[in-house]
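The primary structure of each chain is shown beneath.
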Amino acid sequence: MMNLLKKSLMLLFGAVLFSISAADIFVLQKGGKNKNPGTRTAPLKNIWKAIEIARPGDVIHVAEGTYHGKMSCGWINLNKPVSIIGGYSADFSARNPVKYQTLLRPTNKQNATKPVFGTLTIDTRNAGPGSSVFIDGLIFDHTLANNYHAVEGKPAGFADGMLTIPPAKGKSPNPSIDRYLLHANTSGTLVIQNCLFLNSSNYAVNVQHFQGNVRILNNVFVGCRMVGAEVRSTNGKPFMVNYEFAMNTVLFTWTRTKTFEDMGFGVRANAGVVSNIHHNILGLTCMSAFDNTKGNPKQKKVLLDNNIFFMNKKADVAITISPNIQFLKVEDDGFEDVADADGMESMEGNIGLADPAVFKNVMDMNYLQAFLNATYSEKVDYDENSPINQFRAAWGLNKQGKITSKVSMFANPYPFDSAIKFFGAVKGYGAQYLWQ
């Protein structure tokens, strides 16, 4: 199975790169210059500059380094159907996205000029159904752009407290970025693979696709808020978008707010989309690993096969059984019955993680323990006969009380050094070392 998947990815890679006569453009953050021609021996300095000079179909090769966008704004817009391949050594002689890290890592200071949509925003919708965009080997990280509370929601041993949602602030000057790590408005073929998506304060990946194929393959999503990855059809017609979500590791997906009331999904299926979700590790979500509750299920085609589900708090699967939402786990008696629900085309081979010890030297155990014990509570302090309320009543004012909330943890930053280790953690499932 692994060899077949690896071969599929390599064939896809080759098809994207060699389907047209493409030029190669090279980028090196430390040592490159934007006045250079962008060759291997005279690379450009910035990704945005490479996009500026690229033509449709060109391939941008990016070496290790941190890339902040034009005028160091913190974000990059991609408005041409090109390929961006990261993870090269400084001399471009070797490629390993884990070792030679190509980082899109904005800072909190750069939030003064937030992106409209994402740290990488792809807008190639008008390029047509024959266009291709290929994103490979980039690291997307919002840890430094977010704002974390100094003391609230800070478990023992943590350097930072809980994530603060704008307009609230924590210990940093600007509110959290609250944007996608990657947002796309595309048509044709979009491929996102071999990437790390870390500590997003909004969805990690949000794709609006008109028609064609979206393939999200062999990525790691850790510590993101609301949804790991979502693909929506903008066509208005059924099944014009084919979405494959495969060989990804999705862990620690947080809810929309600190009250743990809604969202917190690993991957979601949407109406009008054919969703093929397979060979992923989907675990440790606050709500459910797979969400099928958005949109009319009769307008969906979903294949959910051969995934590992791992310690999801509410459920492994959330699905609409009209008119109610059903939450189920792999071990539940009714789990296999989900295959008969509206819109479900296939549901085979899904299992729970047989041996959690595979993550023993990979996962941050302190973070795991705090996540499993995360709680939210409220205390109401209201005395209608208190002196202040008696005074307010005498003046015709509403009586008042006080609500104090407490959260033990909420979307605290997951450590980068641990997140990068999830590549290759479980053989045959989740993200692997497929670039070798």
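Our structure's up above, just so we're on the same page.
Remember, it's a predicted structure, so these values are computed and weren't measured experimentally.

Colleague: When you look at the nonpolar core in this model, what are you seeing that I'm missing?
Modeller: A general trend in soluble globular proteins is that nonpolar side chains are found buried together. Ile-60, Ile-135, Phe-140, Phe-197, Val-205, Ile-216 and Phe-245 are the most contacted members of the largest nonpolar core, which totals 69 residues. For Phe-245, the residues in contact, after removing those within four places along its chain, are Ile-216, Phe-221, Ala-229, Val-250, Val-267, Asn-276, Ile-277, His-278, Asn-280 and Leu-282.

Colleague: How should the side chain of Asp-316 be read in this particular structure?
Modeller: Its place among the elements puts Asp-316 in strand β23 (residues 315-321). Despite being buried, Asp-316 has no salt bridge partner; Lys-329 is the closest side chain of opposite charge, sitting 5.6 Å away.

Colleague: Got a minute to help me understand the state of the cysteines in this structure?
Modeller: In protein chemistry, a disulfide is the covalent bond that joins the sulfur atoms of two cysteines. Under the definition given, this model contains zero disulfides. The closest cysteine sulfur to the non-disulfide-bonded Cys-73 is located on Cys-195, 19 Å from its own sulfur. The buried category is assigned to Cys-73, whose relative accessible area is 11%. Cysteine Cys-224 shares no disulfide, and the gap to the nearest cysteine sulfur, in Cys-286, comes to 12 Å.

Colleague: Sorry, what's going on with the sheet that holds strand β9 (residues 139-141) here?
Modeller: Sheet strands pair by backbone hydrogen bonding; their relative direction is either parallel or antiparallel. Pairing is parallel across the open sheet formed by nine strands, whose spatial order is β3-β6-β9-β11-β13-β16-β19-β22-β26. Of all the strands in the sheet, just β3 (65-66) and β26 (351-352) have a single pairing partner and so form its edges. Bridge count for strand β13 (residues 220-222) against strand β16 (residues 249-253) is three bridges, and the pairing is parallel. Residue Val-222 lies in a different strand from β16, and its bridge partner there is Leu-251. Lying on the sheet, helix α3 (residues 365-372) is in contact with β16 and β19 (281-285); it crosses β19 at an angle near 60 degrees.

Basis of the calculations
- Residues numbered from 1 in each chain as written.
- Predicted model: local features only at pLDDT ≥ 70, side-chain atom pairs only at ≥ 80, totals over all residues.
- Heavy atoms only, no water.
- Core = buried A, V, L, I, M, F, W, Y, C linked by side-chain atoms within 4.5 Å.
- Buried < 20%, exposed > 50% of the residue type's maximum accessible area, 1.4 Å probe, protein only.
- Contact = heavy atoms within 4.5 Å.
- Helix = DSSP H or I, 4+ residues; strand = E, 2+ residues; numbered from the N terminus.
- Lys, Arg positive; Asp, Glu negative; His and termini not counted.
- Salt bridge = Lys/Arg side-chain N within 4 Å of Asp/Glu carboxyl O.
- Disulfide = S-S within 2.5 Å.
- Pairing = 2+ DSSP bridges.
- Axes fitted to C-alpha atoms, helices over the stretch in contact; angles between N-to-C directions.

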